[in-house]
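Chain residues, written in single-letter form:
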Amino acid sequence: MVKSELMPKKLRFTAARIAISFALVSPAVAKDVVMAVDSTFTTMDPYDANDTLSQAVAKSFYEGLFGFDKDMNVINVLSEGYDVSADGLVYTVKLRMGVKFHDGTDFKADAVKASLDRATNPENKLRRYALFSNIDQTGVVDDYTVRFTLKKPFSAFINVLAHPAAVMISPVAIAKYGKDLRDHPVGTGPFKFIEWRQTDYLKVEKFGGYWKPGYPKVDGIVWKPVVDNNTRTAILQTGEAHFAFRMPPEQIALLKTKPGLEVITGPSLSQRYLSMNVRQKPFDNPKVRAAVNYAINKEALAKVAFAGYAVPSDGVIPAKMEFFQKMGPWPYDVAKAKQLLAEAGYPNGFETELWSAYNHSTAQKAIQFLQQQLNQVGIKVKLTALEAGQRVEKVESAPNPDTAPVRMYYTGWSSSTGEADWAIRPLLAGDSAPPKLFNTAYYRNENVDRAIAGALNTRDPAEKARYYKEVQEQVWKDAPWAFLVTENLLYVRNRKLSGVSVMPDGNFHFEEMELKE
Amino acid sequence: MLRYLIKRLLGLAPTLIIVAVLVFLCVHLLPGDPARLAAGPDAPPETVELVRKDLGLDRSIPEQFLRFISGAVRGDFGKSIRTRRLVSAEIAERFWPTFWLTFWSMAWSVTVGLAIGTVAAVWRNRWPDRIGMVFAISGISFPAFALGMVLMEIFAVQLGWLPALGAESWKHYILPSLTLGAAVAAIMARFTRSSFVEILQEDYVRTARAKGLSEPVVVIKHALRNALIPVVTMMGLQFGFLLGGSIVVEKVFNWPGMGRLLVDAVEMRDYPVIQASVLLFSLEFIVINLIVDLLYGFINPTIRYK
């Protein structure tokens, strides 16, 4: 509707259109930082968002009790520390004083209670419900102290509160907007929400009453979803955007030649692997699975499919994850692969299917490379790159583990809590097989299951580390996956912009954001 | 004429109902569970069930169909599965950018196409014809996404004259409408030329020349009007087609329009948005066809409506 008043203006400009080649675009008044991102946001209610991007953007106006710093360590944000009871069931959190919401409400214990009661109430049907369902009760002790009582001990509970979904919302706004909160976010963050035009942009402006003196250092941010890779590259060069994430590896060589731009790469929590359905022949044989691991040159895969912006996996979980255990990388040895296949009774290899969870160009390149590598040892695979709907239908909703059609499956994972449990349990625990979670290898090992449960229930870091070590060693030995690569993050920043970075989990860090003239 | 119009408008309803039924069935035949997709990749089964209930997808297919139809009749298309906003709001926000982009693309491409086609027909097989047709063939053959990227590279990145993306001011319309209109201009030029060449051999053109009318009068007054009939038909079809939103151009120029909405919706199995958009496209086509039929009467008064 907004566009309709453009009409008369446009008529006047018909003549100008002819003379357009002489017109100049006035340089944008560079007060707002323009951040271009690769897909559209789904909601501005972090409790109802299932994509990292929406949550990253919501951090402009929302904050949680805890958060992560640049290296994924948990830090206090709206809290000043916490205590845990001896049985691991009761967490008492001290709140920061002197914090105000954008609507003027004081941030106190009642806001924490209102935000989390909303999240734990199944009636609200929020998409992040499961993350908080372990909270039995949120109690107000005094204005600046809250007490969380859990249903069962959960050692990673502070990570849950540090999750980008667990933000503090103004209790007044919760009461006022109800279901429409998604379009009217009111938090304590450095910026106030201004406007969200779904496909165009989301605008936020500096919040004068922010609790951290001297922050934020810019007047506002415009978040722009720009889906096309070439277009993101173009607007970095025209100066229409100061920052772009994610960037495809193939554009990087060009952008590196531009003096005004800075290409940044770093480790991520995003890993790629090839799961093998261990319930089905021939993948029930550990020798076959080991052979597949030996047959793939991961260095070359990183070069071919990811233009070098990936590193071979040297463990079960990404190296940046807490409790990571270094195991590899698995050596590339074609002779050994052939020998193992022969020992397993497949001297001439076999035929099977390889599906990819994605159909974008990087995944296409990756699976074609895998096909070629496996062919060298006699494993002939038929490739299918699944589109999102097909993936859900054929893999994630397969009702019966015994007849699940998936064989080899190229997929990936990025733990949204930045925490080892969520990087292992949904993918490798015995009862995480689809349709429940994503154990697409249908892997089940008693030792692994026991250790995963043990790690969840203990609060002793040393004991926890021991459990996770056991899990990773066992999984590496059983090799239900071919461990492929961990992707690098890739983003580009205008040199005028500083203080913005992308964290390993794909969230943004922009507290120190500054724009030079 | 008025009776004809009323009759045509009454005919709208059954067509739309048939389209609605077909769309509903096709959409529900797509593989993939929308609740699973909407709940996100790391959602446990309880969350998926919550989402399913919330979206009304736990009801039987006939029940869902009745809800859809009874809502549609009242103009209520429900909420988007992906964004949980009203479908009507989603579409209203995207319709106008696509409409104006289509309008301006059509405006320049029809003008240019008609001019090139006419010139080519009048100077048939001579150099104006050859040059015009080289442009036309290039326009048809050059893919829109490549043209868009080339234009953006030249005018936005290298020269810095025009913005690369957004839909805020008239400047933002230039590159996308040039890209989108190029193929249409080419088609219009080809169409005008062939239709014109035929007309120029008609008896009445010879008669007009014989009675001593000057060549411009013959071409513009006698031939052009008759040549326009097939051209207008083609124009209507192209207009309807472009209103569906060009996915390629909208992606390249980050245009907040219908094409991207529909692609996102199909990807996420966003049933309500797919259904409402397809219904809207059908309605647009019907209305445009009606307008084209009425235009015939203005161009050639010998055409009568019954």
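Rules behind the numbers
- Residues numbered from 1 in each chain as written.
- Chains lettered and ligands numbered in written order.
- Predicted model: local features only at pLDDT ≥ 70, side-chain atom pairs only at ≥ 80, totals over all residues.
- Heavy atoms only, no water.
- Helix = DSSP H or I, 4+ residues; strand = E, 2+ residues; numbered from the N terminus.
- Contact = heavy atoms within 4.5 Å.
- Areas by Shrake-Rupley, 256 points an atom, 1.4 Å probe, with all protein chains shown as cover.
- Lys, Arg positive; Asp, Glu negative; His and termini not counted.
- Charge placed at Lys NZ, Arg CZ, Asp CG, Glu CD.
- pLDDT = per-residue confidence, 0-100.
- Buried area = accessible area lost by both parts, 1.4 Å probe.
- Salt bridge = Lys/Arg side-chain N within 4 Å of Asp/Glu carboxyl O.
- Polar contact = N/O pair within 3.5 Å; in protein donor to acceptor, adjacent residues only side chain to side chain.
- Nonpolar A, V, L, I, M, F, W, Y, C, P; charged D, E, K, R; others polar.
- Pairing = 2+ DSSP bridges.
- Axes fitted to C-alpha atoms, helices over the stretch in contact; angles between N-to-C directions.
- Expected span 1.5 Å × (residues − 1).
- Buried < 20%, exposed > 50% of the residue type's maximum accessible area, 1.4 Å probe, protein only.
- Arc of directions from axis to C-beta.
- Core = buried A, V, L, I, M, F, W, Y, C linked by side-chain atoms within 4.5 Å.
- Phe/Tyr/Trp six-rings, centres within 6.5 Å; stacked < 30°, edge-to-face > 60°.
- Lys NZ or Arg CZ within 6 Å of the ring centre and 35° of its normal.

1. Remarks on the overall build of chain A
Right, on to step 1. When helices and strands are counted, chain A shows 17 helices and 21 strands.
Right, on to step 2. Seen through its principal axes, chain A has C-alpha atoms that stretch 75 × 70 × 40 Å.
Right, on to step 3. Excluding contacts between residues fewer than 6 apart, the proportion of contacts in chain A whose partners are at least 24 apart in sequence is 68%.
Right, on to step 4. For chain A, the computed accessible surface area is about 20500 Å², with 51% contributed by carbon and sulfur atoms.
Right, on to step 5. The averaged location of the 58 negative side-chain charges in chain A is 4 Å from the averaged location of its 64 positive side-chain charges.

2. As for unusual backbone geometry
Right, on to step 1. Of note, the amide linkage connecting Phe245 of chain A to Arg246 of chain A takes the cis form, showing an omega dihedral of -5 degrees.
Right, on to step 2. As for its position among the elements, Arg246 of chain A is in the loop between strand 11 (243-245) and helix 9 (249-256).
Right, on to step 3. Look at the link from Pro434 of chain A to Pro435 of chain A: it is a cis peptide, with omega at 5 degrees.
Right, on to step 4. Following the sequence through the fold, Pro435 of chain A ends up in the loop between helix 15 (420-428) and helix 16 (446-457).
Right, on to step 5. Of note in this structure, Phe323 of chain A is not a glycine but carries a positive phi near 70 degrees.
Right, on to step 6. Locating Phe323 of chain A in the fold gives a position in the loop between strand 13 (310-312) and helix 12 (334-343).
Right, on to step 7. In the Ramachandran plot, Asn254 of chain B falls in the positive-phi region, its phi being about 50 degrees despite a non-glycine side chain.
Right, on to step 8. Along the chain, Asn254 of chain B falls in the loop between helix 11 (247-252) and helix 12 (258-267).

3. Notes on the confidence of the model for chain A
Right, on to step 1. Taken as a whole, chain A shows an average pLDDT of 88; of its residues, 94% reach a score of 70 or greater.
Right, on to step 2. A low-confidence stretch, residues 1-30 of chain A (pLDDT under 50), is modelled with 39 contacts involving residues beyond four sequence positions or located in other chains.

4. Observations concerning the interface of chain B and chain A
Right, on to step 1. Chain B puts 57 residues into the contact, and the matching count from chain A is 61 residues.
Right, on to step 2. For the pair chain B and chain A, the two sides together bury roughly 5700 Å², of which 59% comes from carbon and sulfur.
Right, on to step 3. Our enumeration of links across chain B and chain A arrives at two salt bridges.
Right, on to step 4. Here Glu387 of chain A and Arg269 of chain B are joined by a salt bridge, their closest N and O atoms 3.1 Å apart.
Right, on to step 5. Linking chain B with chain A are seven residue pairs in polar contact (both at pLDDT 80 or more).
Right, on to step 6. Contributing elements (two or more residues each) for the side of chain B that touches chain A: helix 2 (34-39), helix 3 (45-54), helix 5 (87-122), helix 7 (144-158), helix 8 (170-199), helix 11 and helix 12 of chain B.
Right, on to step 7. At 10 residues, the largest contribution of residues to the side of chain B that touches chain A is made by helix 5 of chain B.
Right, on to step 8. The residue inventory of the side of chain B that touches chain A, partitioned by class, reads 33 nonpolar, seven polar and 17 charged.

5. So, the sheet that holds strand 4 (residues 79-84) of chain A
Residues and elements named next belong to chain A.
Right, on to step 1. Across the sheet, which stays open at both edges, the four strands sit in the order 4-5-7-6 with antiparallel pairing between neighbours. Strands with a single pairing partner mark the edges of an open sheet, and in this sheet they are strand 4 and strand 6 (135-142). In this sheet, adjacent strand axes meet at a mean angle of 20 degrees when their direction is disregarded.
Right, on to step 2. With four bridges connecting them, strand 4 and strand 5 (residues 90-95) associate as antiparallel partners. Residue pairing for strand 5: Ser79 is matched across the bridge by Leu95.
Right, on to step 3. On top of the sheet, helix 4 (residues 109-120) reaches strand 5, strand 6 and strand 7 (145-150); it is set at about 170 degrees to strand 6, its chief contact.

6. As for the side chain of Thr42 of chain A
Right, on to step 1. If you trace the backbone, Thr42 of chain A turns up in the loop between strand 1 (32-37) and helix 3 (52-58).
Right, on to step 2. Other than its neighbours up to four places away in sequence, Thr42 of chain A contacts Asp51, Ser54, Arg182 and Trp196 of chain A together with Arg82 and Thr83 of chain B.

7. With respect to helix 6 (residues 127-141) of chain B
Residue and element names in this part refer to chain B.
Right, on to step 1. The end-to-end C-alpha distance of helix 6 is 21 Å, a good match for the 21 Å that 15 residues give at a rise of 1.5 Å each.
Right, on to step 2. When we look at burial in helix 6, the residues that qualify are Pro128, Asp129, Gly132, Met133, Ala136 and Gly139. Seen along its axis, helix 6 keeps its buried residues to an arc of 120 degrees; they face one direction. Exposed residues on helix 6 whose side chains face more than 90 degrees from its buried face are Trp127, Arg130, Val134 and Ser141.
Right, on to step 3. Those residues of helix 6 that are buried lie in contact with helix 5 and helix 8.

8. What about the nonpolar core?
Right, on to step 1. The biggest cluster of nonpolar side chains holds 155 residues, and the ones touching the most others in it are Leu65, Phe148, Trp223 and Tyr410 of chain A.
Right, on to step 2. Considering each element in turn, this core owes the most residues, seven residues, to strand 17 (residues 481-494) of chain A.
Right, on to step 3. In contact with Phe148 of chain A, not counting residues within four places along its chain, are Leu65, Leu89, Val90, Tyr91, Val93, Val112, Leu116, Ile135, Gln137, Thr138, Phe157 and Leu161 of chain A.
Right, on to step 4. Counting 84 residues, the second-largest nonpolar core is a separate cluster that includes Phe95, Ala164, Leu175 and Val273 of chain B.

9. Remarks on the packing of aromatic side chains
Centre distance and the angle of the planes are the two values used to describe a pair of aromatic rings.
All names here are of chain A.
Right, on to step 1. If you walk through the whole model with that rule in mind, you get 39 aromatic pairs over all chains.
Right, on to step 2. When the ring of Trp330 is compared with that of Phe483, the centres are 6.3 Å apart and the planes differ by 20 degrees; the resulting orientation is stacked. Pair noted here: Trp330 is in the loop between strand 13 and helix 12 and Phe483 is in strand 17, with a separation of 153 residues, a long-range link. Phe483 carries the same exposure label as Trp330, and that label is buried.
Right, on to step 3. Centroid distance Trp481 to Phe483: 5.9 Å. Interplanar angle 55 degrees. Geometry classified as tilted.
Right, on to step 4. The class for Trp481 is buried, based on a relative accessible area of 1%.
Right, on to step 5. Classification of Phe483 as buried rests on a relative accessible area of 2%.
Right, on to step 6. Lys212 extends its terminal NZ or CZ atom over the ring of Tyr215, reaching a point 5.2 Å from the ring centre.
Right, on to step 7. Note that Lys394 overlies the ring of Trp355, its terminal NZ or CZ placed 4.9 Å from the centroid.

10. Focus on the environment of Asp402 of chain A
Right, on to step 1. Within the element layout of this structure, Asp402 of chain A appears in the loop between helix 14 (388-396) and strand 16 (408-414).
Right, on to step 2. Separated by 117 residues in sequence, Asp402 of chain A and Asn285 of chain A have C-alpha atoms that sit 16 Å apart.

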